[in-house]
Amino acid sequence: MSHGKQQRKKGGGGSVDGLIVAAFGRHYEVLTPEGRLQCYTRGKKSSFACGDRVQLTPGGDGQGVIDSLVPRRNLLWRSDAFREKLIAANLSHILIVVATEPGFSDLLVSRCIVAAESQDITPLIVLNKADLGERLDAARSQLAPFRALGYEVIEVSAMQGATGLLDRLAGLQSILVGQSGMGKSTLTNALIPDAQAATREISEALDSGKHTTTFARLYPLEQSGEGTGWLIDSPGLQVFGLAHVSADELAESFIEFRPLLGRCRFRDCRHEAEPGCALLEALADGRIAPRRFEHYRTIRSEIAEAKRLNPGW
């Protein structure tokens, strides 16, 4: 893939810069100096994401045509053997939302972290529904391996206003991701008072309500006193494929592996049962958490299977 390698083209007369604040199909809402425009791409293919900066040509009636992509800082996306889904671009942080109930997948947390680490995006874990005390200890225990690695875990209650989280997001370019049922929509509404109104507005512009839970939307954090901050809300997800990640990138994205990579006895070590494997030795003496190593093997197997099904990866 070459999403991150697309270069800026010279815009024609009247072109302006814009920030994509909502993306669905070939239709985008773009924030520009001339206001918010409903924009389309020139060709049939569409490879833009929420958070992308673009050059566009404004038209009449609040419309516009996207001409080119400004080179990205990074791109968060997911993929399986045959499909890919662009999620967001130009991020500083990813907020991985879990909750005390219903139960959450720590494997999905690891997947999101791999996607973030491979693109130099800082992961933050947000534990929602922290007011439900009877489930809090179990959730904390499930997140303990991530805390031990230095990943920040922020405990909040969206129903009680997510106090303090908005201040933490000041000046950041961040996205909320998480499974359905984690209270992400409630959290978004607590952080962004006009989020529901914005969702209704775009649904009316599209003349369809079905898009309200199927696209990402960017909200400027205008109260941020630390520079240009914004927050992207994204649809709930149950899977996060990483077919686009190479074997080396995967290992590097497990930060506890980094000091050990290249120290195995055999250069082509697969970290399965080879003698002198630095990762297996670290697993045996407790420097690598068993659950995290299980996650690594699971994701690696899925990537290998995707590449077998589609050698084009």
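If you're wondering where the values come from, they're calculated on a predicted model, not measured in any experiment.

Caption draft 1: Structural detail: the side chain of Lys184. Considering the arrangement of structural elements, one finds Lys184 in helix H4 (residues 184-191). On the basis of relative accessibility, which here comes to 8%, the residue Lys184 falls in the buried class. Non-local contacts of Lys184, meaning those with residues more than four positions away in its chain, are made with Val97, Leu176, Val177, Gly178, Asp233, Ser234, Pro235 and Gly236.

Caption draft 2: Layout of the confidence of the model for the protein chain. A residue-level look at the protein chain finds 88% of positions with pLDDT of 70 or above and a mean pLDDT of 88. Confidence, read as mean pLDDT per element, is least for helix H5 (residues 195-206) in the protein chain (53) and greatest for helix H1 (residues 106-117) (98). This stretch, residues 1-12, has a pLDDT under 50; its non-local contacts, to residues over four places away or in other chains, come to 28 contacts. Low pLDDT, under 50, characterises residues 206-213; the stretch is placed with nine contacts to residues that sit more than four places away or in other chains.

Caption draft 3: Up close: the nonpolar core. The biggest cluster of nonpolar side chains holds 77 residues, and the ones touching the most others in it are Leu76, Ile94, Leu165, Ile175, Leu187, Ile232 and Phe240. With eight residues, the top contributor of residues to this core is H1. Among the nonpolar cores identified, the runner-up in size contains 12 residues, and Val16, Tyr28, Val54 and Ile66 belong to it.

Caption draft 4: Representation of H1. With 12 residues, H1 extends 16 Å between its outermost C-alpha atoms, agreeing within 8% with the 16 Å of an ideal straight helix rising 1.5 Å per residue. Of all 12 residues in H1, 12 are buried; the element is thus mostly enclosed. Residues of H1 that are buried: Asp106, Leu107, Leu108, Val109, Ser110, Arg111, Cys112, Ile113, Val114, Ala115, Ala116 and Glu117. The N-cap of H1, judged by a side-chain oxygen 3.3 Å from the amide nitrogen of Leu107 a few residues on, is Ser105.

Caption draft 5: Representation of unusual backbone geometry in the model. Omega for the bond connecting Glu101 with Pro102 falls within 30 degrees of zero, at -5°, which places this linkage in the cis form. Residue position: Pro102 is located in the loop between strand S8 (93-99) and H1. Positive phi values are uncommon outside glycine, yet Asp120 reaches one of about 60°. At His271, a position not held by glycine, the phi torsion is positive, near 60°. Tracing the sequence through the fold places His271 in the loop between helix H6 (247-253) and helix H7 (278-284).

About the cut-offs
Residues numbered from 1 in each chain as written. Predicted model: local features only at pLDDT ≥ 70, side-chain atom pairs only at ≥ 80, totals over all residues. Heavy atoms only, no water. Helix = DSSP H or I, 4+ residues; strand = E, 2+ residues; numbered from the N terminus. Buried < 20%, exposed > 50% of the residue type's maximum accessible area, 1.4 Å probe, protein only. Contact = heavy atoms within 4.5 Å. pLDDT = per-residue confidence, 0-100. Core = buried A, V, L, I, M, F, W, Y, C linked by side-chain atoms within 4.5 Å. Expected span 1.5 Å × (residues − 1). Polar contact = N/O pair within 3.5 Å; in protein donor to acceptor, adjacent residues only side chain to side chain.

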